[in-house]
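Each chain, written out:
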Amino acid sequence: MAKVVGSVVSTQKDRSLVGRKLMIVQPVNSDGQAVRHEEVAADSVGAGIGEYVLLVRGAGARRATPEEIAKDVNDCSIVGIIDRFDK
């Protein structure tokens with residue numbers, strides 16, 4: 001889980017990232033408290049700044065893209081927007 005805290009604009013990037021929105025995310029725990037460091041994630045669901053999101057990493061992140069991209073360099077994807085935390 002993470003909170004979207006910003007976006008990244010990059011005019012020069014790997015071909016597999018062209019047309020994908022890149023967001024800065026801050027991983028959080030179930031209390032919404034920041035853990036670890038910020039990172040960049042490719043957004044596949046249209047998340048906005050301030051929203052809490054679900055992340056996947058590794059092979060799952062590469063499969064989050066609707067179309068099959070050969071040699072996808074993505075290692076972190078936003079795959080869901082969190083409506084609320086229930087404990």
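Draft legend 1. Highlighting the packing of aromatic side chains. Scanning the entire structure with this criterion turns up 1 aromatic pair. Taking 5.3 Å as the distance between ring centres and 80° as the angle between the ring planes, the aromatic pair formed by Y52 and F85 counts as edge-to-face. Of the two residues, Y52 sits in strand β4 (residues 52-57) while F85 sits in the segment after β5 (76-81), which places them 33 residues apart along the sequence. Here Y52 falls in the partly exposed class, since its relative accessible area comes to 24%. Residue class for F85 comes out partly exposed when judged on its relative accessible area of 32%.

Draft legend 2. View of the confidence of the model for the protein. Considering every residue of the protein, the mean pLDDT works out to 87; 85% of them sit at 70 or more. Mean pLDDT values for the elements of the protein range from 66 in helix α1 (residues 59-63) up to 97 in strand β1 (residues 2-8).

Draft legend 3. Fine view of the nonpolar core. If you look at the biggest cluster of nonpolar residues, it comprises 10 residues: A2, V4, M23, V25, A41, A47, V53, L55, C76 and I78. Those elements giving two or more residues to this core turn out to be β1, β2 (21-27), β4 and β5. Apart from residues lying up to four places away in sequence, V25 is in contact with A2, K3, V4, V5, H37, E38, E39, A41, V53, L55 and I78.

Criteria and thresholds
- Residues numbered from 1 in each chain as written.
- Predicted model: local features only at pLDDT ≥ 70, side-chain atom pairs only at ≥ 80, totals over all residues.
- Heavy atoms only, no water.
- Phe/Tyr/Trp six-rings, centres within 6.5 Å; stacked < 30°, edge-to-face > 60°.
- Helix = DSSP H or I, 4+ residues; strand = E, 2+ residues; numbered from the N terminus.
- Buried < 20%, exposed > 50% of the residue type's maximum accessible area, 1.4 Å probe, protein only.
- pLDDT = per-residue confidence, 0-100.
- Core = buried A, V, L, I, M, F, W, Y, C linked by side-chain atoms within 4.5 Å.
- Contact = heavy atoms within 4.5 Å.

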